[in-house]
Amino acid sequence: MPDGVIGGGWSYVIAAYSVTVAVLAIYVWSLSRRSRRAERSQRDES
Amino acid sequence: MNIRKLLVLAGLGLAAVGTYFGLFVAPPERHMGDVQRIMYVHVPSAWIAMLLYTLAFGFAIALLWSGRQKWDDLMVGAIEVGVVLNALLLVQGSLWGRATWGVWWDWDVRLTTSLVMAILFAGVLVLRRMAPNEERRSQWSAVATVVAFIDVPLVYFCVRWWRSLHQIQSSPDTVDPAMVLPLRLNSFGLLFLALAWMLWRAAIERSSRRASEVPLPTRVAIEESAHA
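Okay, so let's go over this structure. (Residues numbered from 1 in each chain as written. Chains lettered and ligands numbered in written order. Predicted model: local features only at pLDDT ≥ 70, side-chain atom pairs only at ≥ 80, totals over all residues. Heavy atoms only, no water.)

### A look at the overall build of chain A
Which entries qualify depends on this criterion: Put simply, DSSP H or I for four residues or longer makes a helix, DSSP E for two residues or longer makes a strand, and each gets a number counted from the N terminus. Partly exposed describes any residue whose relative accessible area lies between the buried limit of under 20% and the exposed limit of over 50%, with all areas from a 1.4 Å probe on protein chains only and scaled to the type maximum. The positive count covers Lys and Arg only, the negative count covers Asp and Glu only, and His and the chain ends enter neither. Every charge is mapped onto a representative atom, which is NZ of Lys, CZ of Arg, CG of Asp or CD of Glu.
Helix and strand counts for chain A stand at one helix and zero strands. Its C-alpha atoms give chain A principal-axis dimensions of about 70 × 10 × 5 Å. Buried positions account for 28% of the 46 residues belonging to chain A. Chain A carries 6 positive and 4 negative side-chain charges, and their two centres are separated by 8 Å.

### Concerning the side chain of T113 of chain B
Residues and elements named next belong to chain B. This is how it is decided: Here a polar contact means two N or O atoms within 3.5 Å. Within protein one must be a hydrogen donor candidate and the other an acceptor candidate, and residues neighboring in sequence count only if both atoms are side-chain atoms.
As for its position among the elements, T113 is in helix 4 (residues 109–130). Accessibility expressed as a relative area gives 12% for T113, which makes it buried. For T113, the side chain forms a polar contact with the main-chain oxygen of V109, separated by 2.7 Å.

### Points about the pattern of salt bridges
Note the cut-off: Any Lys or Arg side-chain nitrogen found within 4 Å of a carboxyl oxygen on Asp or Glu counts as a salt bridge.
Scanning the model with the defined rule gives eight salt bridges over all chains in all. Measuring nitrogen to oxygen at the nearest pair gives 3.0 Å for the salt bridge that ties R201 of chain B to E205 of chain B. Taken together, the positions of R201 of chain B and E205 of chain B, both in helix 7 (residues 177–213) and four residues apart, correspond to about one turn of that helix. Taking relative accessible area as the criterion, E205 of chain B reaches 10% and is therefore assigned buried. Put simply, R34 of chain A together with D72, E80, R128, R201 and E205 of chain B are held in one network by salt bridges that share partners.

### Looking at the environment of K5 of chain B
Position of K5 of chain B among the secondary structure elements: in helix 1 (residues 3–25). Separated by 86 residues in the primary sequence, K5 of chain B and V91 of chain B have C-alpha atoms spaced 28 Å apart.

### Concerning the interface of chain A and chain B
Which entries qualify depends on this criterion: Residues count as neighbours in contact if any of their non-hydrogen atoms are within 4.5 Å of one another. Reported buried area values correspond to the accessible surface (1.4 Å probe) lost by two parts on association, with both partners' losses combined. Three categories are distinguished: nonpolar for Ala, Val, Leu, Ile, Met, Phe, Trp, Tyr, Cys and Pro, charged for Asp, Glu, Lys and Arg, and polar for the others, with Gly belonging to the last.
Listed as interface residues are 25 residues of chain A and, on the opposing side, 37 residues of chain B. When chain A packs against chain B, close to 2800 Å² is buried across both sides, 73% of that on carbon and sulfur atoms. Three residues stand out in chain A for area buried against chain B, namely I6, Y12 and Y17 of chain A, and they jointly supply 24% of the buried area on that side. Taken together, the connections running from chain A to chain B amount to one salt bridge. In this structure, the salt-bridge partner of R34 of chain A is E80 of chain B, at a minimum N-O distance of 2.7 Å. At the boundary of chain A and chain B, one finds seven residue pairs in polar contact (both at pLDDT 80 or more). Of the residues that constitute the side of chain A that touches chain B, the class distribution is 15 nonpolar, eight polar and two charged.

### So, the nonpolar core
Where we set the bar: Nonpolar cores are built from buried Ala, Val, Leu, Ile, Met, Phe, Trp, Tyr and Cys residues. Side-chain atoms within 4.5 Å join them into one set.
The biggest cluster of nonpolar side chains holds 41 residues, and the ones touching the most others in it are L52, M75, I79, V81, L85, F121 and W197 of chain B. Among the secondary structure elements, those contributing two or more residues to this core are helix 1 (10–45) of chain A together with helix 2 (39–66), helix 3 (69–100), helix 4, helix 5 (134–149), helix 6 (151–161) and helix 7 of chain B. It is helix 3 of chain B that provides the largest number of residues to this core, a total of 10 residues. F121 of chain B has contacts with Y53, I79, V83, T145, A148, F149 and V152 of chain B, leaving out every residue within four places of it along the chain.

Written as structure tokens, this is what we have:
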């Protein structure tokens, strides 16, 4: 590796991409759960 | 196929190709090496979060102007997805900062204004839960959104206006084309996904409001017919 280059960056890259995918997946799951609940309560009330 | 599904499919496709190019095709940066690949998720998160906050600001103005609830639904959708991306932006930036600056966090002007932006817009979502009724909830959150939006241009321009650890914005003219491609693909991919989620969240808000609107008169009618 040439001088002056930050080494060992892949662990940070993997961490950043993993957190991104995990957080977005959890958010989509949360939307899906709330969507089902909202549809159910609307159906029950109508 | 509805618009949300189209946006999700397009977004996933673009993000998948962009991530492949970002991780495996784009060259490592001259000084930062491979850690610079965080840029391909960090910068799109920042751009799209700020775009969503700008949309939320527009929806808030439209809501205050017209009083129509559809703007409230869209506003809450834009803010919620914006806060998720804003939180991601801070975590990704912290990882990148640890690798390049040697610290997880610094009270630098760009980092601080980005944190304040997340807190302000998360505060709008908290404020909505405290409102006594639907009308107040819409008004309070629209006004709070307009106030919170003041921080968005500050986040963007602070690196030009004040001394900052964070670099100023690059332009495609100064970046290797092999780096621009994954950045653009991921940005458009995340944009499409974020718009789909914003519309989904708005639909949930609409359904919840209708469910809470319907019951009282319906229940009264049912009770009256039962007593008649």
